Amino acid sequence: LPMAFRDVNARRHIGLQQLSSLALAGKTLLGPMKSCKFIVDEDTNQSTLICSAFRLIENLDLTSAAGQLLNETIQAQTKEFKTGMSTLLFLVGAWSNAVLECLQQNVPISAIVSVMSEGLNSCCEKVQCLQISIHDVNQELCSSTARPNAFQSKTCQVGCDSLLNTEIFLYVQKDVSAPEKVIPINSCSHQDNSCNFNKHLFSSLASFGSVASLVKPAGDKSASVVSGSGVITSSCNKNKLTHSRYFNTLGKSSFSSQQGNFQGYFLGQSADPCECYGLGHLAMTLSHGNQTSMKLLQSIVAYQQKRAECSGSSQFNIAEIVTCCLLGLPESYSCVSPGFVTLVSPEQAAVIKYFEDKPLRILLMDGDLTEQYRHLGFNRPRNVRTILERPSLQEGRAGDLWLSSSLDILTSFEVNLVLVKGNVCENLMERCIANSILVVGCVSRGVLCAFGEVTGAQPVTYLTQLNASCVGSGAQVELWKARDGRAMDLGELVPVRIKVRGLSLLTAVLTTTVASKMQLLEDQFWTAAYRLHHALNDGKVFLGGGAVELLCLSHIQMLAEQPLQPANKNALKEFCDRWLAASATEYKSVVLQALASGWKQYLSAVMCNTAKAASEMEACTSIDHHLKKASDCGSPSAYILKEFRRGDLLRGGSGPFADHEEGLKVYDNVTAKTEAWRRALDLVLLVLQTDAEIITGPKRNQLLNSHGSSEFMFL
């Protein structure tokens, strides 16, 4: 038997080596301080900035079987969770190397499979003690004595400096019939303390005559509406802003003065820190330092919470969120806009100007708006042949007939706006523009459903199915306005906003001047959104900052030091010879140490990525120090929990997984993280067994596995 193992190990396990090489490319994508990569297309020479394992693997030319399996595994994780892909990719590489080391030590394949699988299952059970419910998270955040300091440093500062990172808008409407205008007064950052705020404010006031203004800290979740002669403000008026570095004095009239009629909204976080410790603050703890996405998500949460108070709906609904990517504007212009923001051609934008602010009749198309489109499952009639004497002429006439018929149907039902799930025929698009009908293609099913609920429109597959009951009403379309109050014309595409009274959709408008960065910003936003979504679905979160991985490492090392406990002594005597019985304990220890090495490499890699450790050796020394202290404590989980609450976990001075701010804890998703672990190990073991069958043949591999350690349990 040892000779057989040497024969297996003498040949190369190509699949495991390929996994290790591919995973190495994503090492810098691990942790909160990621190092982005440029992916260059050799054919077009266009480059894309990526910062996730999914985009990395998606853009690589994976021709090997192991590479394809890795791609499918990461796609499955992305489709289900939208987070955890970098962890999955790194552990695939770390455990592939660990398995190769076990093979070099002549460990049976079945022993590797069974011991690693049981070890990971044991870890998943052990780390349950580091789960904390969402309710307890909010309670802990609200009762934290360091709460004001933690919150003040990054978001809305309370007190005299509460406008340090404030976005102030004027919402102006000269008369009731005129469209609302949003004028930015300032957009000062922490570093920009020199903006001439007063000058900008009063010059804007002068340009619009008699107006009223709303001044709120950036992130204020309390929506205020000033209309007519009354003022409706947030129910919480505990803290009122009276001074700031940008105003000499802010009197009561700054908030309640009202001259003229206008309506406004502001999406953001409340100046009252007590209100900030809801879902918006949970989003902050799950953002892992992604400030831009976190602020957008907090604005969405604030808006949905406000809406939930009135309608009783869920406080956070990710199905009501869409994104719109605008290239050409600075990133500071990113914001959240109620309604559906999308991009159209300049010709379509001209149509919008024609019926802006007019109620429109809307049609929803659940498919392509083309002549050739047929729904899924459509079966063409059999045994039918069409003979055309002059095909080109006949086809042209048929196409013109379909175009004329389609346009007649739309005009007969007085349809002004058509939202299409799929593609739109270009010729029909041109005819619709000429007849002042706006057609928007590539609209997601969720958007169609949202518009259908509030307009009464019913989606149809073909225009021939259209009747009066399928057409909705009440939609409005306008050119999307940036923070300076102007409609944006970005050249080839123009952003527009489609809104309906009662529409629950929110659009996260993502802006940048760097084309290669657009995909990165969108990925980061959705990652932050789905982290909050999964945390609420799970009802609990893991302690972050490396706490879970450190406990896994400590637990596996303890298991490796324990003597073997056979689950069935008779079976062990029957199936294992003296050689295997004498070596079983050694196999268990070797395999578990290999499994533990994956966790240790994970922790040290993030420490190096965050520049909290100058080298891998220094990182490992810090990890070993915590492992020793956890072991001496007698209860590793209690030690880790205590260090986490103190904010000293794996700090090493200032620590890689240390909280982003003093008093602000970091948390991780439960299901997404554990599934990433399981998928990583399952992939490694699958490739291991596949390689073994290729090297030795299925029958011989089965013979080798029958002498392995699958008949014993070590727990």
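Residues numbered from 1 in each chain as written. Predicted model: local features only at pLDDT ≥ 70, side-chain atom pairs only at ≥ 80, totals over all residues. Heavy atoms only, no water.

## Some thoughts on the overall build of the chain
- Scanning the chain from N- to C-terminus turns up 25 helices and 18 strands.
- For the chain, the residues scored as buried account for 52% of the 715 residues in total.
- Taking all contacts inside the chain whose residues are at least 6 apart in sequence as the whole, residues at least 24 apart take part in 77%.
- Of the roughly 32900 Å² of accessible surface on the chain, 49% is carried by carbon and sulfur atoms. (Helix = DSSP H or I, 4+ residues; strand = E, 2+ residues; numbered from the N terminus. Buried < 20%, exposed > 50% of the residue type's maximum accessible area, 1.4 Å probe, protein only. Contact = heavy atoms within 4.5 Å. Areas by Shrake-Rupley, 256 points an atom, 1.4 Å probe, with all protein chains shown as cover.)

## Section: unusual backbone geometry
- In this model, N45 sits at a positive phi of 60 degrees, which is unusual for a non-glycine residue.
- Checked against the element boundaries, N45 lands in the loop between strand 1 (37-40) and strand 2 (47-50).
- The phi torsion at S436 lies on the positive side, around 60 degrees, for a residue other than glycine.
- Structurally, S436 is set in the loop between helix 16 (426-434) and strand 13 (438-440).

## Quick notes on helix 2 (residues 14-24)
- Restricting attention to buried positions, one finds in helix 2 the residues G15, L16, L19, S20, L22 and A23. Along helix 2, the residues classed as buried sweep out an arc of 170 degrees about the axis, all on the same side. Exposed side of helix 2, more than 90 degrees from the buried face: S21 and L24 are the residues found there. (Arc of directions from axis to C-beta.)

## Comments concerning the packing of aromatic side chains
- One pass over the structure, following the stated rule, counts nine aromatic pairs.
- When the centroid spacing of 6.3 Å and the interplanar angle of 80 degrees are considered together, the rings of F340 and F451 count as edge-to-face. With F340 in strand 10 (residues 340-344) and F451 in helix 17 (residues 445-455), this residue pair connects regions lying 111 residues apart in the sequence. In this structure, F340 and F451 share a single accessibility class: buried.
- Ring centres of Y354 and F355 lie 6.5 Å apart, and the angle between their planes is 80 degrees; this geometry places the pair in the edge-to-face category.
- You can call Y354 exposed: its relative accessible area is 56%.
- F355 gets classed as buried once you look at its relative accessible area, which sits at 3%. (Phe/Tyr/Trp six-rings, centres within 6.5 Å; stacked < 30°, edge-to-face > 60°.)

## Notes on the pairing of strand 1
- Both strand 1 and strand 2 contribute to a ladder of four bridges, which runs antiparallel. From the neighbouring strand, K37 faces strand 2, where its bridge partner is I50.
- Counted along the chain from strand 1 to the antiparallel partner strand 2, the turn is six residues long, and its residue N45 has a positive phi close to 60 degrees. (Pairing = 2+ DSSP bridges.)

## With respect to the pattern of salt bridges
- Tallied over the full model, the rule gives 14 salt bridges.
- Residue K517 pairs with E331 through a salt bridge whose shortest N-O separation is 2.7 Å. In this pair, K517 sits in the loop between strand 16 (506-512) and helix 18 (518-538) while E331 sits in the loop between strand 8 (321-327) and strand 9 (335-338), placing the two residues 186 residues apart along the sequence.
- By relative accessible area, E331 is classed as partly exposed at 30%. (Salt bridge = Lys/Arg side-chain N within 4 Å of Asp/Glu carboxyl O.)

## Let's talk about the packing of helix 2 against helix 5 (residues 85-104)
- Axis separation between helix 2 and helix 5 bottoms out at 8 Å; the angle between their running directions is 145 degrees. The hand of the helix 2/helix 5 crossing is left-handed. For the pair formed by helix 2 and helix 5, the contact residues are L16, Q17, L19, S20, L22 and A23 on the first element and L89, V92, G93, S96, N97, V99, L100 and L103 on the second.
- Across the contact of helix 2 with helix 5, the residue classes break down as nine nonpolar, five polar and no charged. (Axes fitted to C-alpha atoms, helices over the stretch in contact; angles between N-to-C directions. Left-handed = near helix turned anticlockwise from the far one by under 90°. Nonpolar A, V, L, I, M, F, W, Y, C, P; charged D, E, K, R; others polar.)

## Points about a negative patch on the surface
- Together, D41, E42, D43 and D61 line one region of the surface with negative charge.
- For E42, a relative accessible area of 74% corresponds to the exposed category. (Patch = residues over 30% accessible without salt bridge, like charges linked within 9 Å, V, L, I, M, F, W, Y side chains within 5 Å. Lys, Arg positive; Asp, Glu negative; His and termini not counted. Charge placed at Lys NZ, Arg CZ, Asp CG, Glu CD.)

## Side note on the sheet that holds strand 16
- The mixed open sheet is built from three strands, whose spatial order is 8-16-9. Each having just a single partner strand, strand 8 and strand 9 make up the two edges of the open sheet. Pairs of neighbouring strands in the sheet enclose a mean axial angle of 30 degrees, with direction left out of account.

## Comments concerning the confidence of the model for the chain
- Averaged over all residues, the pLDDT of the chain equals 75, while 66% of them reach at least 70.
- Across residues 1-8 the pLDDT falls below 50, and counting only partners more than four positions away or on other chains, this stretch makes 16 contacts in the model.
- Long-range and interchain partners of residues 652-662, a stretch whose pLDDT sits below 50, account for 30 contacts in this model, where long-range means more than four residues apart. (pLDDT = per-residue confidence, 0-100.)

## Considerations on the sheet that holds strand 10
- Across the sheet, six strands lie side by side as 10-15-14-11-12-13; this open sheet has mixed pairing. Every interior strand has two partners, whereas the edge strands, strand 10 and strand 13, have only one. Taken over all neighbouring pairs, the strand axes of this sheet differ in orientation by 35 degrees on average, direction set aside.
- Note: strand 11 (residues 360-365) against strand 14 (residues 472-479), three bridges, orientation antiparallel. By the bridge assignment for strand 14, R361 is matched with S473.
- On top of the sheet, helix 17 reaches strand 10, strand 11, strand 12 (417-420), strand 14 and strand 15 (494-499); it is set at about 140 degrees to strand 11, its chief contact.

## Focus on helix 12 (residues 279-286)
- Here helix 12 lies mainly inside the structure; eight of its eight residues are buried.
- The complete set of buried residues in helix 12 reads L279, G280, H281, L282, A283, M284, T285 and L286.
- Backbone geometry just after helix 12 places H288 at a positive phi near 55 degrees.

## What about the nonpolar core?
- Core analysis: the largest hydrophobic core is formed by 112 residues, its most contacted members being I112, M116 and W599.
- Those residues in contact with M116 that lie beyond four places of it in its chain are A98, V99, A111, V591, A594, L595, L681 and L685.
- Membership of the second largest hydrophobic core comes to 29 residues, among which are F340, L438, L448 and A450. (Core = buried A, V, L, I, M, F, W, Y, C linked by side-chain atoms within 4.5 Å.)

## Some details on the side chain of H555
- Within the secondary structure layout, H555 lies in helix 19 (residues 547-561).
- The class of H555 is buried, set by a relative accessible area of 11%.
- The contact partners of H555, leaving out residues within four places of it in the chain, are S122, C123 and K126.

## Looking at the side chain of R679
- Within the secondary structure layout, R679 lies in helix 24 (residues 670-696).
- Only 2.7 Å separates the side chain of R679 from the side chain of Q77, close enough to count as a polar contact.
- With near-sequence residues (within four places) excluded, R679 lies in contact with T73, A76, Q77, E80, F81 and L88. (Polar contact = N/O pair within 3.5 Å; in protein donor to acceptor, adjacent residues only side chain to side chain.)

## Digging into the environment of L479
- Residue placement: L479 occurs in strand 14.
- For the pair formed by L479 and L343, sequence separation is 136 residues and the distance between their alpha carbons is 9.8 Å.

## Here's the deal with the packing of helix 5 against helix 6 (residues 109-126)
- The N-to-C vectors of helix 5 and helix 6 enclose an angle of 140 degrees; their axes lie 10 Å apart at closest approach. It follows that helix 5 is oblique to helix 6 by the angle criterion. Crossing hand, helix 5 versus helix 6: right-handed. Between helix 5, through W95, A98, V99, C102 and L103, and helix 6, the contact on the second element is made entirely by I109, I112, M116 and L120.
- When grouped by side-chain class, the residues that make up the contact of helix 5 with helix 6 number nine nonpolar, no polar and no charged. (Parallel < 35°, antiparallel > 145°, perpendicular 65-115°, else oblique.)

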